[in-house]
Amino acid sequence: MQVELNAQERSTLLARLTRGELPDARGRFGPFGGRYAPETLVPALERLAEGAAQYLRDPTFQAELGLELRDWVGRPTPLTHAPTLSRHWGADVWLKREDLAHTGAHKINNALGQALLAKRLGAERIIAETGAGQHGVATAAACARVGICCTVYMGAVDVRRQAPNVERMVQLGAQVVPVKGGDQTLRAAIDEAFRDWVSDPVKAYYLLGSAVGPHPYPWLVRELQSVIGREARAQSLEKIGRLPDVAVACVGGGSNSIGLFHPLVGDAGIQLLGIEAGGRGAGLGDNAATLATGRPGVLHGTYSMLLQDREGQVQETHSVSAGLDYPGVGPEHSLLQAIGRVSYESATDDEALDALRECCSSEGILPAIESSHALAGARRWAAKNPGKVILIGLSGRGDKDMPTLSQVFGGARKIIEASADG
Ligand SMILES: *Cc1c(COP(=O)(O)O)cnc(C)c1O
């Protein structure tokens, strides 16, 4: 049961998207999106939608955000040529370096923007949820910078798996609350964060970490992340002298990819390619390839593609990268897939790890495992399309992935053992 759109509907929706008319007033991206939220939250979501629309248009707010993005986050992030990957792949490869942003990934663009917005809206505290801890760290840092206190909900299992990020959040002044109910991972943490917000919808601000959730979040997060694509577009014209043939990004909830894609959607000559987590294979539960294998349904307040079984039960997911391990995806991606403007493929755990190693040894850049999915997808595209200009969204750095990399490759272990022998 996919959503089928005819040629007329597709081109109308693409035109509206390009003109900035989507989401519509109800938060719909064509058939997707909307607001499926408890009655008690509707006024808070409505206030947020109005406040966000007002401040994102306000030159004073934009000036403050722009200064903080420059001096605290370190923007613009560079567009780096990758000469060795280019030679290996028979392409001209360029990397948009979100790994060089403060706290190590694109997530800070959204966390900072929303923290500043929360302050303007008069919120007294921030609520966030985190899975792997990256969004929690970005939020804790942004809240410290802006001067607002912060509670981060995190599944008890994740707290144990991601101890270094828990320590970072604590050092940055956040209160981290382990969630012992449900599956004790991200989904349970999101439920708990919503519960907190329902009980305190006026004083609390819920800072959502990806382009998912009820309206206005998919729109708000896209607007804050679009700085990636706007910069990359201008940098391409300046450094390459033209726009790329293809832009590639990894897709978890879909925030770094929508940030790269959205400002390029109107450039008909640029192919757009999203890469999901192919995990250990195609079976249900073995991956997080929502757009490739899912069906539409409602999760966390939005109607979008979703990994579910025949009874509509949301599926467990698997990926070697914690940041892609989510059974849903932002509604704008579901639309971009349905109208055929973006192609979505997946890269397996092994393909991503292989691409990670190649990027390390070729370019001296250690990418996040999430971002390595984009590298793997780009490499496959290059093999089919020789001699093209490829822009890759390098969403984050791999320093956080050391425990996984030691487990998989064991590079350091051998040296440590050898040093003990000697
Ligand atoms: C969280 C994360 C992602 C996935 O989230 P999106 O919302 O899909 O961008 C990708 N890359 C890195 C480095 C991350 O930390």
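What you see is a predicted model, and the numbers here were worked out from it, not measured in a lab. Numbers given to residues run from 1 along each chain, matching the order in which its sequence is written. This being a predicted model, a pLDDT of at least 70 is required before a residue's local features are given, and a value of 80 or more before pairs of side-chain atoms are given or counted; all residues contribute to the totals for chains, interfaces and linings. Here the side-chain values reflect all heavy atoms present in the structure, with hydrogen atoms and water set aside.

**Overview of the overall build of the protein**
- When helices and strands are tallied, the protein shows 18 helices and 14 strands.
- For the radius of gyration, the atom set is restricted to C-alpha positions; the globular benchmark scales as 2.2 Å times the number of residues to the power 0.38. For 422 residues, the compact-globule estimate of 2.2 N^0.38 gives 22 Å, and the C-alpha radius of gyration of the protein, at 20 Å, lies within 12% of that figure.
- Considered along the principal axes of its C-alpha atoms, the protein spans approximately 60 × 60 × 50 Å.
- For each residue, the accessible area found with a 1.4 Å probe, counting protein chains only, is set against the maximum for its type, and the residue is called buried under 20%, exposed over 50%, and partly exposed in between. Across the 422 residues in the protein, those meeting the buried criterion constitute 58%.
- Sequence-distant contacts, at least 24 apart, represent 73% of the contacts inside the protein between residues at least 6 apart.
- Working note: accessible area of the protein is about 16900 Å², and carbon and sulfur atoms make up 51% of it.
- When charges are counted, Lys and Arg are positive and Asp and Glu negative, with His and the chain ends excluded. In this description, the location of a charge corresponds to atom NZ of lysine, CZ of arginine, CG of aspartate or CD of glutamate. A gap of 2 Å separates the mean positions of the 43 positive and 47 negative side-chain charges of the protein. Numbering goes from the N terminus for both helices and strands, where a helix is a DSSP run of H or I of at least four residues and a strand is a run of E of at least two. Whether two residues are in contact is decided by their heavy atoms: any pair within 4.5 Å suffices. Surface accessibility in these figures is a Shrake-Rupley result with a 1.4 Å probe; residues are shielded only by whichever protein chains are displayed.

**Structural notes on the environment of Leu79**
- You can see Leu79 is positioned in strand E3 (residues 79-81).
- When its relative accessible area of 2% is taken as the criterion, Leu79 is described as buried.
- C-alpha of Leu79 to C-alpha of Glu231: the two residues are 152 residues apart in sequence and 8.7 Å apart in space.
- For Leu79, the contacting residues outside a window of four places in its chain are Trp94, Leu95, Lys96, Gln235, Ser236, Lys239, Ile240 and Leu391.

**Describing the sheet that holds strand E4 (residues 92-97)**
- A pair of strands is considered paired only if DSSP assigns at least 2 bridges between the two. Strand order in this open sheet of six strands is E3-E4-E14-E9-E10-E13, and the pairing throughout is mixed. The sheet terminates laterally at E3 and strand E13 (342-348), the two strands that pair on one side only. Sheet twist, expressed as the average angle between the axes of neighbouring strands with direction ignored, equals 25°.
- Here three bridges tie E3 to E4, and the two strands are oriented antiparallel to one another. Of the residues in E4, the one forming a bridge with Leu79 is Lys96. Helix axes use the C-alpha atoms of the stretch in contact, all axes being lines fitted to C-alpha atoms, and the angles between their N-to-C directions lie in the range 0 to 180 degrees.

**Describing the packing of helix H3 (residues 59-73) against helix H5 (residues 107-120)**
- Close contact between H3 and H5 brings their axes to 11 Å; oriented N to C, the two are set at 140°. Between H3 and H5, the crossing angle belongs to the class labelled oblique. Considering only the axes of H3 and H5, their crossing is right-handed. Note on element contacts: H5 touches H3 through Ile108, Asn109, Leu112, Gly113, Leu116, Leu117 and Arg120, opposite Thr60, Phe61, Glu64, Leu65, Glu68, Leu69, Trp72 and Val73.
- Three residue categories are used. Nonpolar comprises Ala, Val, Leu, Ile, Met, Phe, Trp, Tyr, Cys and Pro, charged comprises Asp, Glu, Lys and Arg, and polar comprises the others, including Gly. Classifying every residue of the contact of H3 with H5 by side-chain character gives nine nonpolar, three polar and three charged. Any angle that is under 35 degrees is reported as roughly parallel, and any over 145 degrees as roughly antiparallel; angles of 65 to 115 degrees are reported as roughly perpendicular and all others as oblique. Two helices crossing with the near one rotated counterclockwise from the far one by less than a right angle form a left-handed crossing, whereas a clockwise rotation gives a right-handed crossing.

**A short note on unusual backbone geometry**
- The residue after Arg75, namely Pro76, is reached through a cis peptide bond having omega -5°.
- Summarising the element assignment, Pro76 is placed in the loop between H3 and E3.
- Between His215 and the following residue, Pro216, the backbone shows a cis peptide bond with an omega angle of 15°.
- Secondary-structure assignment places Pro216 in the loop between strand E8 (204-206) and helix H10 (217-225).
- Positive phi, close to 45°, is recorded for His300, a residue that is not glycine.
- Here His300 lies in the loop between strand E11 (295-299) and strand E12 (302-306).

**A short note on the site of the ligand**
- In the vicinity of the ligand there are 17 residues, among which Lys107, Ser210, Gly254, Ser255 and Ser395 approach most closely.
- Under this definition, polar contacts are N or O atom pairs within 3.5 Å; protein pairs additionally need one hydrogen-donor-capable and one acceptor-capable atom, and for neighbouring residues in sequence, both atoms have to be side-chain atoms. Measuring from an oxygen atom of the ligand, one finds a side-chain N or O atom of Lys107 at 2.6 Å.
- Each domain span listed reflects an automatic or database assignment of domains. Counting contributing residues per domain, the shell around the ligand is built from domain 1 (27-69 + 107-221) and domain 2 (75-104 + 226-411), each supplying no fewer than three. Summary of the distance rule: residues count as near a molecule or strand when at least one heavy atom falls within 4 Å of that molecule or strand.

**Looking at the side chain of Asp245**
- Relative to the assigned elements, Asp245 resides in the loop between helix H11 (227-239) and strand E9 (246-250).
- Only 2.8 Å separates the side chain of Asp245 from the backbone nitrogen of Val389, close enough to count as a polar contact.
- With near-sequence residues (within four places) excluded, Asp245 lies in contact with Gly269, Ile270, Gln271, Trp381, Lys388 and Val389.

**What about H10?**
- Taking burial as the measure, the nine residues of H10 include eight buried ones, the bulk of the element.
- Of the positions making up H10, those classed as buried are Tyr217, Pro218, Trp219, Leu220, Val221, Arg222, Leu224 and Gln225.

**Describing the packing of aromatic side chains**
- Whether two aromatic rings pair depends on their centres lying within 6.5 Å, for rings of Phe, Tyr and Trp, where Trp uses its six-membered ring; planes under 30 degrees apart make the pair stacked, over 60 edge-to-face, and the rest tilted. Applying the stated criterion across every chain, the model contains six aromatic pairs.
- Ring plane angle 65° and centroid distance 6.4 Å describe the contact between Trp197 and Tyr217, whose orientation is recorded as edge-to-face. Of this pair, Trp197 sits in helix H9 (residues 186-199) while Tyr217 sits in helix H10; the two residues are 20 residues apart in sequence, bridging distant segments of the chain.
- An aromatic cluster of at least three residues, connected via ring pairs, comprises Phe194, Trp197, Tyr206 and Tyr217.
- Over the face of the ring belonging to Phe409 we find Arg357, whose NZ or CZ atom lies 4.0 Å from the ring centre. Charge over a ring is defined by NZ of Lys or CZ of Arg lying within 6 Å of the ring centre and within 35 degrees of the ring normal.

Everything listed is a geometric property; what it means functionally is a separate question.
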